[in-house]
Each structure stands twice: as structure tokens, then as C-alpha cells.
Protein chains: 2
Amino acid sequence: MPILVMKFGGTSVATIDRIQRAAKRVALEVAKGYDVIVIVSAMAGKTNELVGWVNETSPLYDAREYDAVVSSGENVTAGLMALRLQEMEVPARSWQGWQVPVQTTSAHGSARIEAIPPENILKKFAEGMKVAVVAGFQGVSPEGRITTLGRGGSDTTAVAFAAAFDAERCDIFTDVDGVYTTDPRICDKARKLDRIAFEEMLELASLGAKVLQTRSVELAMRYKVKLRVLSSFEEPSDDAGTLVCDEEDIVESNVISGIAHSRDEAKMTLISVADRPGIAAAIFGPLAEAGVNVDMIVQNISEDGRTDMTFSCPTDQVLRAQTALNAAREVGSINFHDLDCDNGVAKVSAVGIGMRSHTGVAAKMFKVLADEGINIKVITTSEIKISVLIDRKYMELAVQALHDAFGLDKAA
Amino acid sequence: MPILVMKFGGTSVATIDRIQRAAKRVALEVAKGYDVIVIVSAMAGKTNELVGWVNETSPLYDAREYDAVVSSGENVTAGLMALRLQEMEVPARSWQGWQVPVQTTSAHGSARIEAIPPENILKKFAEGMKVAVVAGFQGVSPEGRITTLGRGGSDTTAVAFAAAFDAERCDIFTDVDGVYTTDPRICDKARKLDRIAFEEMLELASLGAKVLQTRSVELAMRYKVKLRVLSSFEEPSDDAGTLVCDEEDIVESNVISGIAHSRDEAKMTLISVADRPGIAAAIFGPLAEAGVNVDMIVQNISEDGRTDMTFSCPTDQVLRAQTALNAAREVGSINFHDLDCDNGVAKVSAVGIGMRSHTGVAAKMFKVLADEGINIKVITTSEIKISVLIDRKYMELAVQALHDAFGLDKAA
């Protein structure tokens, strides 16, 4: 039998009624002849409740106990989903991470899946079981302790199962009906994409389009898992949602697939830094140690042996960055005149694999922003992405103007 | 190090504050030099919530999935308790049933513990861990699936651990401060017992004094586990609670240790049954198959080859009993004139190991009831117990009168 992986997020299993609705979707695929592996999250809100209890009990908690507590929500949903399927006369059983086993590293709280031996589940499929319901987000360490994969980890569980079982497709059911050309709350012309390339999805995911966990997309790309994002609240249809797939599987596409944004960015500038070999390491080493996620970096042209160094990070990490840099100055490992901080910026990015073969995308982007009177503070580019840092108050305007200019409201 | 087992019931771990209070009790014993195994129930109300979801999802549920869902509450408490102890700088970790492993039969929903290999936990004690927090009520079947031991099963988990680890004592923390001579809500002279024999506790537990799960007392008796029942809401002291122990460890005791009662009993009488060999089997076989818990049985003297057969069962099983008996009459396996049913009776019992060596206890009990004008409908006796079925409206009166007559308000 061909195997399908179907993953239901927290809002899709938030109540007994919704679990029933999800089970019906699964039964439809079983009726088509698939053996199905269902990955479930905890009922919406449950994981937050458990995390709250852990924090209340022990602010600096032991991550092994955190994992033991927080993983329990998925076990409940897995059992209930199996029961519901049985009630519909679909042979099903639940599996907790350690039962499969989902073998992970010992990095509690953000473990990585190392292997998923398929034998136990395949044996049950051979005996006539049609659905294996697996608790997402969790695994078991080499020491036999329960691990979790980090928030959103059930997406990664789903893709890892699809890879391990060579599944025909991995369907991620969520509360949005697919991946959009941009955030529909900002731009009412946003259009749902039928297909998007792994590389593009990866850039969008890491740029703050919170549809899929970044790691799950990386994994899908590496193992060529056909990933579909769709809503569990829509009627089933073959072209529902967005297929995340290989570049070659996308016949036609716009040069730009989507405009992403990230609202809460800060721009920090070290003014008049002594420009010498190793200065970048001296600056960004302490920031990394302090847990600051530095995103864009720009170094000005050097003048009289001194330069300005600008970088961006999330606004809630500004204090940490300031503390780390001032400490480094005090011990003399770096030397700068002043530390300038702008908390009022946002990042807007254009993403598309078409940029590889089309020139002039950056020029067009800069002209569109200039025409709207928006000043660009920092620019970074990758092979398939251009990001700019601008004043936050222009963010919505920039997104809308770029969406129009690149014709994203119309399919290619 | 000597080992102590401490079990905390649902009300003792109902909130983060109460878990903290329980952790303090554990830390006190660690300070005295014990290695402690803590057995925890789910936070009060959690198991009922999970059972509710299972019933809503699948009224005739698969007991294996029921167990997978319902066992999750204990995992949460175990992790939180371990975190709390760590916060108090007591080296602790949590263990789920399958991690120990607590090996049980495959009778899901009411599994029996078959073995608890102590190696894994002893190894951690040897490495300096002071407290092993174990999720109660659960185990793992030979097939590697999660099992539960039935409601109240955490008591049994606790006693089984005490036996497996040869613990010095097994303390059961609950919301009452011990075992009483009778129900204090019915008789204000009820007195807390300092000690009670296993056999007596067993009779009291099965007679409806809901302090301990019956199976845990059986297990404690078989393995000579010193069992103490005490309140987690009282200040710690060495003579707190009630010690359930071997008969020989009780120096002085009253002839009768306690008066138990069971309110919701029904008396059913098959009138004019053909009296022939095998008739009892023909009656009680179908009742057992229908899941009716028959308690007392009385057969009248036979007359003209016919007799009356009376038995008692819980009131909520009367309908099931009637259906089973009428069905048996229809297929001709039994033959009776009428089925009389009295839903308004209660059972009152006097329990005490002193009855073995003292005569006249039954006579005294009957006289006390007669003096109060209470008619006895059915009598049964065991070596250490006399039970009578009486009109429910006299139950409180009977308990109070017997408590007075046997001098239970005063220690021996």
C-alpha cells in the first residue's frame, strides 16, 4: 500500500469535535487505499498550560523534566484520534515517540531526530492496521528519556516520518489554507500559491511566515518529501492548499514568489570601530555567546583605520546585545566611539527562485521603494532573496507596493 | 541507604502549591538519610477530564487507547514533582511506568503488576540521586503498550515498589488523617486508629471505607509492607496517621476495630426456585457473566423441592441482574415464581481480628440492633467480620449504636 503522512496541528485537534472532523479526513484517504501515518499536536492551549506549570514550579528547569511534562499533551490527542478512527471502523492504534521509537539526540527541548526505524509500524500495517497515530513533537534519547523537538516540532516529526516511510506525500493540516504571496492581513491582494519551491519556503519560513517550522522544510528538501500545507477546515479537494516541492516540479512561476516581512527588528550601529583583521569576530563572538540572533550585517568603507559596523536583531534582544558589546569594550577586546540603536525598523523581503535567471530584480525593488519615498537603511541579498531594512511605519506600504509591482496578485 | 516509599494522591498534588508542600515532606525524609521513591497520582480532576474525553470520543473504547490517554496525567505530576525537588536542591528525576519498567499483565484498564526490576532506579540511587519520582497507576505490557491498574491504582503502585525495593515503610498521603473506627460523617465519636491489621484493613477497604485500594492492602499483606495512611495537610510527626501492619505488631486492640457501612445495596429474592443440585450455579453464572457483583447470598430451607434464594448487589446493578435472571428463565435454565427486589437496604459490618479469640460478638451485635428495633434481613460472617443487611433508614442509627456498644470511642 502507498503510505501517506497527515499532520494535524493544535487548532485542528482543539476539541473532540475537531478530532472527529480530522479523523474523517484520514478515513477518506484510507478509503482511497492509503496506509496513513497521522501525526498529532496537543490540543490547542494544552502545551502552553504545561509549560506554564513547569515555569511556575522551577524557573530554571531541568530540560529533561520539562520534556517529560510537556510531551504529555500529544499522547492524549494520539489516543483520542485512534479511538475516534476505531469508532469509524478504521483499524488504528496510537504510538508514543518511545514506542515507535523516534530516536533523537539528547538535546532536551530542541532534540533532533536521528532515526525512525519503520519496522514496528510496517509490521502492524502488514497485519491490517490502516492508521498509525503518532504523538508529534517527541522522541526518546539514547539514555531512554523523553525528548521534545522544540515548538512547532510536530511539523518536523511529520516530514521525518514521510522520509523514513517513503511516503507519497506529507499533508500538513493547519488553520490557514496554504502559503500566500504575502500576509493577507497586510495586503488584501495576497494570493494563495498552488506550488512553492523548498528553497523559497525555507526563506519565507525563516523570514517569519509562520506556516511551517523551518527545520521541517529543510528536512523535506533534503529527502525530497512532497509537502502540502492545507486547512483542516476546508472541504477536501485534490488541489487544496499549497504544495511545497522541488524546483523542477514547478512548471511556471513568477520571478518573485512572495513578499515576506518581519516587524520587530532593531538596527544597531557601532560607530567608529577600529578596523583591523579579526574585528568582526571580536564583535559577533560575544553577541553569539549572549544568544543574540544577528541577522543582517553591513560594514562601511574604512576611513583612517576606523569604520562603522551595522547589524540587525529582534527588538527583544537589544538589551542583551548592548550589555554584551559594552562588556567587550570594557575588557578591551573591541573599541568603538558609540553604540547607536534604532528600535523602529522592519524587514521586507522579496523571495523567488526566478531571481536566479532574471536580472534587475534588485534594481526594480529599490525603484519601487524610492517611488514611495521609502528610505532603505540596510540591504542584504541571497541567491533567491533580497531583504531591506526600512522604517517600521512604511512596512505595510512597502509590502503592498512590491506585491503590486511584481504582479503577485496574478498567477504566472 | 534505607529506602522509603511515599505516595501522594490527587488532592495532595492538585496545584503547584500542593506539589511544593508535598516536595517539602519528601525533602524532610531525605534529610533523615532515606533514599525516597515518590509515587504520584494525577492532579485531582485531571484523570476524570481525560476519562470524559475518551467516553465522548468512543463510548465502547479500546482499553489500550484508554490507557494511553488516561495515564498521561501522572506523567505531568511526576515531572513537576521532580522539578520542584531539584529546585530545593534535592537530586531527583521522574520515571514513567515504561522507563522503570513497571511490568504488568496485558489486562488494559485493570492490569496487574508482575514485576518491578529495581536495577535502573538503584543504579541512580548509587550515583547520588536521592528521590525517584514515579508516575503511579501505570505500567507497560509484554507487548510494550501502556497499561493502567484501575482507579486508585497508585496505592498499588506504591505498595508494589515498597515490596520490590524492600522499603522500610510505605507512606500513603491522602486527604484524611488515617483510618477511623467508623465514618466520622455518620458517627461523631469515630476515633482515628493508630494501628490496624492487614486483614482488618482488607475487610474495611472492600466494605467501602475508601481510604486504600483493596488490591494495595492485599499486596502489602502478602509482602509484609509496613503501610501508613496519613494526611499531607497535617504537620509531620512520627505517630501521624494509621499504621497498617501485621497482626503481631498490634499489642493491644479492641475485639472490634471498626464498623463499616455500605449505603447503596439492593436485596433481590428469587421466590420458589426449584431446589436441585446445580441450581446455585445456574443462578449465579448468568449474574457473573452480566457483570453483577453479588455480595451476600442466603438460601432458605427447602420445602416441597422448592426454596427461596436471596442475594445482595449494588443498587446500580439491579437492572442488569433482573435482565440476566429473566433471560435465564426464558431459556429454561432456571425456574422461579417471582423476583422480588428491595432497593432500600444498606449493609453494616463489624470488623476485628479480636473476633477470632472472642466469642459472643455476633450475639452482642444482634442484641444491640434488636434493642434499637432494627430488623436484620440477611447475615453473613467471615472469620473477622459480621455483616448484616438492614433497612437503609436505620443505617446511621445502627453504626452509632454498634460503635458505642463495642466501645470503639476509647482505645484498648
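Residues numbered from 1 in each chain as written. Chains lettered and ligands numbered in written order. Predicted model: local features only at pLDDT ≥ 70, side-chain atom pairs only at ≥ 80, totals over all residues. Heavy atoms only, no water.

Naming follows an unreviewed UniProt entry, where chain A appears as Aspartokinase of Pseudoroseicyclus tamaricis. For the record of chain A, the UniProt heading Catalytic activity (unreviewed entry) holds the text "L-aspartate + ATP = 4-phospho-L-aspartate + ADP". (UniProt positions renumbered as here; feature names shortened; annotations may be inferred.)

Caption draft 1: Representation of the overall build of chain A in the model. Secondary structure summary: chain A contains 12 helices and 18 strands in total. The C-alpha atoms of chain A give a radius of gyration of 24 Å, which matches the 22 Å a tight globule of 412 residues would have. Overall, chain A is about 75 × 50 × 30 Å in size when its C-alpha atoms are taken along their principal axes. The burial tally for chain A puts 55% of its 412 residues in the buried class. Within chain A, contacts between residues separated by at least 24 positions form 75% of all contacts whose residues are at least 6 apart in sequence. Accessible area for chain A stands at about 17100 Å²; split by element, carbon and sulfur atoms hold 48% of it. Positive and negative charge centroids in chain A, built from 43 and 57 side chains respectively, lie 2 Å apart. (Helix = DSSP H or I, 4+ residues; strand = E, 2+ residues; numbered from the N terminus. Rg over C-alpha atoms; globule rule 2.2 N^0.38 Å. Buried < 20%, exposed > 50% of the residue type's maximum accessible area, 1.4 Å probe, protein only. Contact = heavy atoms within 4.5 Å. Areas by Shrake-Rupley, 256 points an atom, 1.4 Å probe, with all protein chains shown as cover. Lys, Arg positive; Asp, Glu negative; His and termini not counted. Charge placed at Lys NZ, Arg CZ, Asp CG, Glu CD.)

Caption draft 2: How the structure looks around empty space enclosed by the protein. Inspection of the entire model under this criterion finds 3 cavities of 30 Å³ or more. Put simply, the largest cavity is a space of about 200 Å³. If you go around the largest cavity, you meet 18 residues; those closest to its centre are Lys46(A), Val76(A), Lys46(B), Ser72(B) and Val76(B). Elements represented by at least two residues in the lining of the largest cavity include exactly α2 (46–57) and α4 (72–87) of chain A together with α2 (46–57) and α4 (72–87) of chain B. Considered class by class, the residues forming the lining of the largest cavity number 8 nonpolar, 6 polar and 4 charged. (1 Å grid on protein atoms, 1.4 Å probe; cavity = no way out; pocket = protein on both sides within 12 Å on 5 of 7 lines; lining within 4 Å. Points joined across faces, edges and corners; volume = space filled by probe spheres on them. Nonpolar A, V, L, I, M, F, W, Y, C, P; charged D, E, K, R; others polar.)

Caption draft 3: How the structure looks around the relation of the copies chain B and chain A. Note on the identical chains: chain B maps onto chain A by a rotation of 179 degrees and an axial translation of 0.0 Å, with an RMSD of 0.2 Å. Overall, the copies show the geometry of a two-fold rotation axis. By C-alpha distance to the rotation axis, the residue of chain B lying nearest is Ser72(B), at 3.0 Å. Residue by residue, 100% of the interface of chain B is reproduced at the interface of chain A, so both copies engage with the same surface. (Least-squares fit on C-alpha atoms with pLDDT ≥ 70 in both.)

Caption draft 4: Looking closely at the environment of Asp264(B). All names here are of chain B. Position of Asp 264 among the secondary structure elements: in strand β13 (residues 258–274). Using a relative accessible area of 45% as the deciding quantity, one classes Asp 264 as partly exposed. With 169 residues separating them in the primary sequence, Asp 264 and Trp 95 have C-alpha atoms 39 Å apart. For Asp 264, the residues in contact, after removing those within four places along its chain, are Cys 313, Pro 314, Thr 315 and Arg 392.

Caption draft 5: Up close: the packing of helix α1 (residues 16–31) of chain B against α4(B). Residues and elements named next belong to chain B. With their axes 9 Å apart at the nearest point, α1 and α4 run at an angle of 60 degrees to one another. Taken together, the axis directions place α1 and α4 in an arrangement best described as oblique. Considering how the two elements wind past one another, α1 and α4 form a crossing that is right-handed. From α1, Ile 16, Ile 19, Gln 20, Ala 22, Ala 23 and Val 26 reach across to α4, where they touch Thr 77, Leu 80, Met 81, Arg 84 and Leu 85. (Axes fitted to C-alpha atoms, helices over the stretch in contact; angles between N-to-C directions. Parallel < 35°, antiparallel > 145°, perpendicular 65-115°, else oblique. Left-handed = near helix turned anticlockwise from the far one by under 90°.)

Caption draft 6: Here's a closer look at the domain arrangement of chain A. Partitioning chain A into structural domains gives domain 1 (3–175) and domain 2 (259–405). Between the C-alpha centres of domain 1 of chain A and domain 2 of chain A there is a distance of 38 Å. (Domains from an automatic or database assignment.)

Caption draft 7: Region of the structure containing the UniProt feature "domain: ACT" (unreviewed entry) in chain A. In the numbering used here, UniProt assigns the feature "domain: ACT" (unreviewed entry) to residues 268–339 and 350–412 of chain A. Annotated as residues 268–339 of chain A, this span is 33% helix and 29% strand, and its ends, taken at the C-alpha atoms, are 7 Å apart.

Caption draft 8: Inspection of the interface of chain B and chain A at higher detail. Taken together, the 36 residues of chain B in the interface contact 36 residues of chain A. Carbon and sulfur atoms make up 60% of the surface buried where chain B meets chain A, a total of about 3200 Å² over both sides. Notably, a salt bridge pairs Lys46(B) with Glu49(A), separated by 3.9 Å at the nearest N-O pair. Counting every contact that joins chain B to chain A gives 10 residue pairs in polar contact (both at pLDDT 80 or more). Elements with a contribution of two residues or more to the side of chain B that touches chain A: α2, α3 (63–70), α4 and β3 (92–95) of chain B. At 10 residues, α4(B) tops the list of elements feeding residues into the side of chain B that touches chain A. (Buried area = accessible area lost by both parts, 1.4 Å probe. Salt bridge = Lys/Arg side-chain N within 4 Å of Asp/Glu carboxyl O. Polar contact = N/O pair within 3.5 Å; in protein donor to acceptor, adjacent residues only side chain to side chain.)

Caption draft 9: Just the side chain of Ser312(B), in detail. If you trace the backbone, Ser312(B) turns up in strand β15 (residues 306–314). In this structure Ser312(B) touches Glu265(B), Ala266(B), Lys267(B), Asn293(B), Val294(B), Asp295(B), Met296(B) and Leu389(B), once residues within four positions along its chain are discounted.

Caption draft 10: Representation of α4(A) in the model. Residues and elements named next belong to chain A. Helix length check: α4, at 16 residues, gives a terminal C-alpha distance of 23 Å against a target of 22 Å (1.5 Å per residue), a fit within 8%. Across the 16 residues that make up α4, a large majority, 14, are buried. Residue Glu 89 follows α4 closely and has a positive phi angle near 65 degrees. (Expected span 1.5 Å × (residues − 1).)

Caption draft 11: Broad picture of the confidence of the model for chain A. Per-residue confidence for chain A gives a mean pLDDT of 92; residues scoring 70 or more make up 99%. Both scores are available for the predicted complex, with the pTM at 0.83 and the ipTM at 0.80. (pLDDT = per-residue confidence, 0-100.)

Caption draft 12: Structural context of unusual backbone geometry. Residues and elements named next belong to chain A. In the segment running from Val 100 into Pro 101, the intervening peptide bond is cis, with an omega of -10 degrees. Its place among the elements puts Pro 101 in the loop between β3 (92–95) and β4 (103–104). Phi at Phe 137 takes a positive value of approximately 75 degrees, unusual for a residue other than glycine. Residue placement: Phe 137 occurs in the loop between β6 (131–135) and β7 (138–140). Its identity is not glycine, yet Asp 304 carries a phi of approximately 55 degrees, on the positive side. For Asp 304, the position within the fold is in the loop between β14 (297–299) and β15 (306–314).

Caption draft 13: The arrangement of the UniProt feature "binding site: ATP" (unreviewed entry) in chain A in detail. Residue and element names in this part refer to chain A. Under the UniProt annotation, "binding site: ATP" (unreviewed entry) lies at Lys 7, Phe 8, Gly 9, Gly 10, Thr 174, Asp 175, Tyr 180, Arg 185, Lys 210 and Val 211. A maximum C-alpha distance of 25.2 Å is found for the annotated residues, which run over 205 residues; spatially they are spread out rather than grouped. By relative accessible area, Thr 174 is classed as buried at 14%. Dropping the residues within four chain positions of it, Thr 174 is found in contact with Ser 12, Val 229, Leu 230, Ser 231, Ser 232 and Phe 233. Among the polar contacts made by the side chain of Thr 174, one reaches the side chain of Asp 175 at a distance of 3.1 Å. As for its position among the elements, Lys 210 is in the loop between α7 (198–206) and α8 (214–223). With a relative accessible area of 80%, Lys 210 lands in the exposed category.

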